[in-house]
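So the chains spell out like this:
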Amino acid sequence: MGALLKSLFSGLTDISLSEPEHRARIAFDTVKATPAMERRAATEDKCRALVSARNWTELSDHLIQWDQSRAACNAGIPLAQIGRQAVLFDLADAVVEGHDCHPDPIAIFSDEVVQRMETLSAMHPEKYPLLALAAEMRCYQGWSSRGADYAEYVSDNGWFGMGQHFAKAAWLLEKYDVVEMNAPLLAAARHRLLGFMPDADKHVGRFYEEWSALDPKDQEPHEKHAIMMLPRWFGTQETLEIEAQKAAVRTTTAAGDAAYFTMYRRVFDAWDPSVLNMDTKVLKRGAHDLITLRGDDPAFVAQLVQDIRWWTGIGSGDSYTRDGRKLWSDITTDIEEMRQELVLSRLTAICPDAWEDGPEGALDMLSECVQADIRAGATFQLGKSGLEIFPQDEPLSSGSA
């Protein structure tokens, strides 16, 4: 796999840092688990234990405290968001892969589980996370009823079932004002209603902006809004760029240009080629700002650069005009240069579990970026400043690998 990747992306496969005779040249720290990973796992375990014990009031109290205080793990991800997803997936009968209109995984819920959560939320109206969970379960049921087909192929029964579940979710949420409640958790649940609600196009901007304003450092609102701004939903190719620029301006004090990068990252991950209007200079600044926001977490950097590795293969088909193909070629060149720059400057340690191919995958990716230095016999130190290169007097011959 490593050799294949190097042939695809660098074209320089004769020398690799991961080969035994060269591996000794790089010094690096191995991180089994980052503080963010440990905090996330502890939060998930706590929530699952409370679900298993059916201790719904204590679970809700934790979610409320995290939500109201904007508590986050070391990588800046809200604990309420982590807990919410852990509870939903723990209560689900199954979790299936998403599709073009719902790229995130879809949790499958029985009516019994959803009705029990609705009853609990009615018994404890002050515990608003229970209501938010019930509403999100209904939305998931709606997507399950719809199915994964393109809109023109969804059956009448599919649309009817989706409409019924979303209407119940809307009824649950209408009693609360997310801004007055100061509750990002409720704002996240309300945003799900946009998947099937009357006049959703009139609410999409407000739902997103209010959610984002409640916690300017949280990147989830930007992720979800990016999907809504695609032509398949409420936007156009031009709308995405406009909204990404506005998002960066609104949250610049809290997160620099991270929101700009997050929105385009979500679009790439959703397999959508509507990216020709992006400003790659802002994209690069946003990538650095997002890594800073995530606390320079080496596991996050690993995930990010591995994702970016595949972006240059999206949207490069014959659907573009000649000018469009030239523009796409320029964008992919910029993206590849950004990836290599991030690998060299922002990776500070190797977290084996964060790499598809373990430490060898990390070393392969580093190797792609410094082939000339490897040939020159350099040694390397991975640390807080990224990859430091120490030239040597005796260059390697290209055949020594």
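Please read these numbers as outputs of a predicted model, since none were measured by experiment.

One way to put it is that helix α10 (residues 184-192) packs onto helix α11 (residues 204-214) with a least axis distance of 9 Å and a crossing angle of 160°. On the basis of the axis angle, α10 is roughly antiparallel to α11. α11 is crossed by α10, and the crossing has left-handed handedness. Between α10, through P184, A187, A188, R190 and H191, and α11, the contact on the second element is made entirely by R206, F207, Y208, E210, W211 and L214. Classifying every residue of the contact of α10 with α11 by side-chain character gives seven nonpolar, one polar and three charged.

What follows concerns the side chain of S121. Tracing the backbone through its elements, the reader meets S121 in helix α6 (residues 111-123). S121 gets classed as buried once you look at its relative accessible area, which sits at 7%. Engagement of the side chain of S121 in a polar contact is seen with the backbone oxygen of E118, the distance being 2.7 Å. Leaving out residues up to four positions away in the same chain, S121 has contacts with L130 and L131.

To continue, consider the packing of aromatic side chains. Tallied over the full model, the rule gives nine aromatic pairs. Between Y260 and Y264, the aromatic rings sit 5.2 Å apart at their centres with planes inclined by 45°, giving tilted as the arrangement. Here Y264 and Y260 lie together in helix α15 (residues 258-269), a separation of four residues that amounts to about one turn. Of the two residues, Y260 and Y264, both sit in the buried class. Within the aromatic cluster, the residues linked to one another by ring pairs are W143, W159, F166, F196, W233 and F234. Residue placement shows R294 over the ring face of F300; its charged tip is 5.7 Å from the ring centre.

What counts and how
- Within any chain, residue numbers begin from 1 and follow the written order of that chain's sequence.
- With pLDDT at 70 or above as the cut-off, local features in this predicted model cover only qualifying residues; side-chain atom pairs require 80 or more to be listed or tallied, and sums for whole chains, interfaces and linings still use all residues.
- Heavy atoms from the whole structure form the basis of all side-chain values; hydrogens and water molecules are not counted.
- Here an axis means a line fitted to C-alpha atoms, over the contact stretch when the element is a helix, while the angle between two N-to-C directions is reported on a 0 to 180 degree scale.
- In DSSP terms, a helix is any run of H or I states spanning at least four residues, a strand is any run of E spanning at least two, and both are numbered starting from the N terminus.
- In this scheme, roughly parallel covers angles under 35 degrees and roughly antiparallel covers those over 145, while 65 to 115 is roughly perpendicular and the rest are oblique.
- Left-handed describes a crossing in which the near helix is turned anticlockwise from the far one by less than a right angle; the clockwise case is right-handed.
- Any two residues having at least one pair of non-hydrogen atoms within 4.5 Å are treated as being in contact.
- Three categories are distinguished: nonpolar for Ala, Val, Leu, Ile, Met, Phe, Trp, Tyr, Cys and Pro, charged for Asp, Glu, Lys and Arg, and polar for the others, with Gly belonging to the last.
- Classification of residues uses two cut-offs on accessible area relative to the type maximum, computed with a 1.4 Å probe and protein chains only: under 20% is buried, over 50% is exposed, and between them is partly exposed.
- What qualifies as a polar contact is a pair of N or O atoms within 3.5 Å, subject to a donor-acceptor requirement within protein and to the restriction that residues adjacent in sequence count only when both atoms come from side chains.
- The pairing test for Phe, Tyr and Trp rings, Trp by its six-membered ring, is centres within 6.5 Å, and the orientation test on the planes gives stacked under 30 degrees, edge-to-face over 60, and tilted for anything in between.
- A ring is scored as having a charge over it whenever the NZ atom of a lysine or the CZ atom of an arginine sits within 6 Å of its centre and within 35 degrees of its normal.

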